[in-house]
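Residues per chain, in single letters:
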Amino acid sequence: VGGSPANAVSAGIGGATIGASRKVEDGIDLVGGGDDVFGRHDSFVFATMEGNSSRAIATDIVGFEAFQQYAKAGVMLRAGDSPGAAHASVHVIPSGEVRMLWRETPGGPSQERTMLVSALPVRIGVDATGDRLMAWASDTNGRIVEGVFPPGIAVQNAQAGQFVLAHEDPSQAVASFRRVVAGDGARERWWNRRALPRAPRSRSAMVGTLGVARMCA
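Residues numbered from 1 in each chain as written. Predicted model: local features only at pLDDT ≥ 70, side-chain atom pairs only at ≥ 80, totals over all residues. Heavy atoms only, no water.

**With respect to the overall build of the protein**
Phase 1: Within the protein, the secondary structure is distributed over one helix and 15 strands.
Phase 2: The proportion of buried residues among the 217 residues of the protein is 53%.
Phase 3: Total accessible area computed for the protein in this model is approximately 9,000 Å², and 49% of it derives from carbon and sulfur atoms. (Helix = DSSP H or I, 4+ residues; strand = E, 2+ residues; numbered from the N terminus. Buried < 20%, exposed > 50% of the residue type's maximum accessible area, 1.4 Å probe, protein only. Areas by Shrake-Rupley, 256 points an atom, 1.4 Å probe, with all protein chains shown as cover.)

**Here's the deal with the side chain of D29**
Phase 1: Its location among the elements puts D29 in strand β3 (residues 27-32).
Phase 2: Engagement of the side chain of D29 in a polar contact is seen with the side chain of S176, the distance being 2.9 Å.
Phase 3: Polar contacts involving the side chain of D29 include one to the side chain of R178, which spans 3.0 Å. (Polar contact = N/O pair within 3.5 Å; in protein donor to acceptor, adjacent residues only side chain to side chain.)

**Considering the confidence of the model for the protein**
Caution applies to low-pLDDT regions: their predicted coordinates should not be interpreted in detail.
Phase 1: Mean pLDDT over the protein: 82, with 77% of residues reaching 70 or higher.
Phase 2: Confidence drops under a pLDDT of 50 for residues 197-217, and excluding neighbours within four residues, the segment shows 62 contacts in the predicted structure. (pLDDT = per-residue confidence, 0-100. Contact = heavy atoms within 4.5 Å.)

**Section: the nonpolar core**
Considering soluble globular proteins, one finds that nonpolar side chains tend to be buried as a cluster.
Phase 1: L77, L133 and F149 are the most contacted members of the largest nonpolar core, which totals 41 residues.
Phase 2: Counting residues in each nonpolar core, the second largest holds eight residues, with F44, F46, F163 and L165 among its members. (Core = buried A, V, L, I, M, F, W, Y, C linked by side-chain atoms within 4.5 Å.)

**Looking at the pairing of strand β9 (residues 110-117)**
Phase 1: Across seven bridges, the pairing between strand β8 (residues 97-103) and β9 is antiparallel. Bridging from a neighbouring strand, L101 pairs with E112 of β9.
Phase 2: The loop that links β8 with its antiparallel partner β9 comprises six residues; one of these, G107, has a positive phi angle of about 75 degrees. (Pairing = 2+ DSSP bridges.)

**What to know about the pattern of salt bridges**
Phase 1: In the structure shown here, the tally under the stated rule is 12 salt bridges.
Phase 2: Counted as one network, the salt bridges with shared partners bring together R22, D26, D29, D60, R123, R178 and R179. (Salt bridge = Lys/Arg side-chain N within 4 Å of Asp/Glu carboxyl O.)

**A short note on the packing of aromatic side chains**
Phase 1: In the structure shown here, the tally under the stated rule is three aromatic pairs.
Phase 2: Taking the centre distance of 5.7 Å and the plane angle of 75 degrees together, the rings of F44 and F163 count as edge-to-face. Residue F44 is found in strand β4 (residues 44-54), and its partner F163 is found in strand β13 (residues 158-165); the two are separated by 119 residues along the sequence. Considered together, F44 and F163 belong to a single accessibility category, that of buried residues.
Phase 3: With a centroid separation of 5.8 Å and 85 degrees between ring planes, the pair formed by W102 and F149 is classed as edge-to-face. Residue W102 is located in strand β8, and its partner F149 is located in the loop between β12 (144-148) and β13; the two are separated by 47 residues in the primary sequence.
Phase 4: A residue is classified by how much of its surface remains accessible, and F149, at 2% relative accessible area, is buried.
Phase 5: Of the aromatic side chains, those joined through ring pairs into one cluster are F44, F46 and F163. (Phe/Tyr/Trp six-rings, centres within 6.5 Å; stacked < 30°, edge-to-face > 60°.)

**Observations concerning the pairing of β8**
Phase 1: Across the seven residues of β8, six count as buried, placing the element largely inside the fold.
Phase 2: Pairing between strand β7 (residues 87-92) and β8: six bridges, direction antiparallel. The residue of β8 that forms the bridge with A88 is W102.
Phase 3: Connecting β7 to the antiparallel partner β8 that follows it, the hairpin turn spans four residues, and G96 within it adopts a positive phi of roughly 100 degrees.

**Focus: unusual backbone geometry**
Phase 1: Cis geometry marks the peptide bond from L120 to P121, where omega comes out at 5 degrees.
Phase 2: Structurally, the position occupied by P121 is in the loop between β9 and β10 (122-127).
Phase 3: Residues D169 and P170 are joined by a peptide bond in cis, for which omega reads 10 degrees.
Phase 4: Phi angles above zero are rare outside glycine, and H167 is one such case at about 75 degrees.
Phase 5: Positionally, H167 belongs in the loop between β13 and β14 (173-182).
Phase 6: At R179, a residue that is not glycine, the phi angle is positive and equals roughly 55 degrees.
Phase 7: By secondary structure assignment, the location of R179 is in strand β14.
Phase 8: Take R179: its relative accessible area is 11%, and that puts it in the buried class.

Below you can see the structure in the form of structure tokens.
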């Protein structure tokens, strides 16, 4: 079952400040505070499709305004709205790094790995529809990177949505998401969308497939 950004509902997970987000024809400008998605408990603004539990979500991030170096904007499959819920996500930070991030068990440690480095816009997604839980990202140069999350993260019937955090609540960050696709087949529908506009320049990027990594406990 897919969803529409027009039906998105924003929640302040972990007491995060919810900003004045703006829904547009092909996406949403999501505004919010929050301290981080990392460690054992999270604080961020999460926009989910109303009444939608999905196994996949994909989007383009075309803009990100934030003042803290570890502010984040991305997509997530999350097993509930508890601050310590298990999740699998892909996000960008202001330096241009695109990272996969996850928590395997409720209240457990978080782990992450850099997938690529790119100027915006980027396309990102998380997919739990196959036999492996996958992360993927692409930049304007056509570079495509896939990552494999650890087995056993219980997000097959999770909440799917976009998220933003400023990394210093109550200050706020703004993330511009466009062409959001949720539900089974999200990757194929996302891939068949029109090409990303080319950025004026692009930073170096990694190309290939990333295996499971445990870099940050």
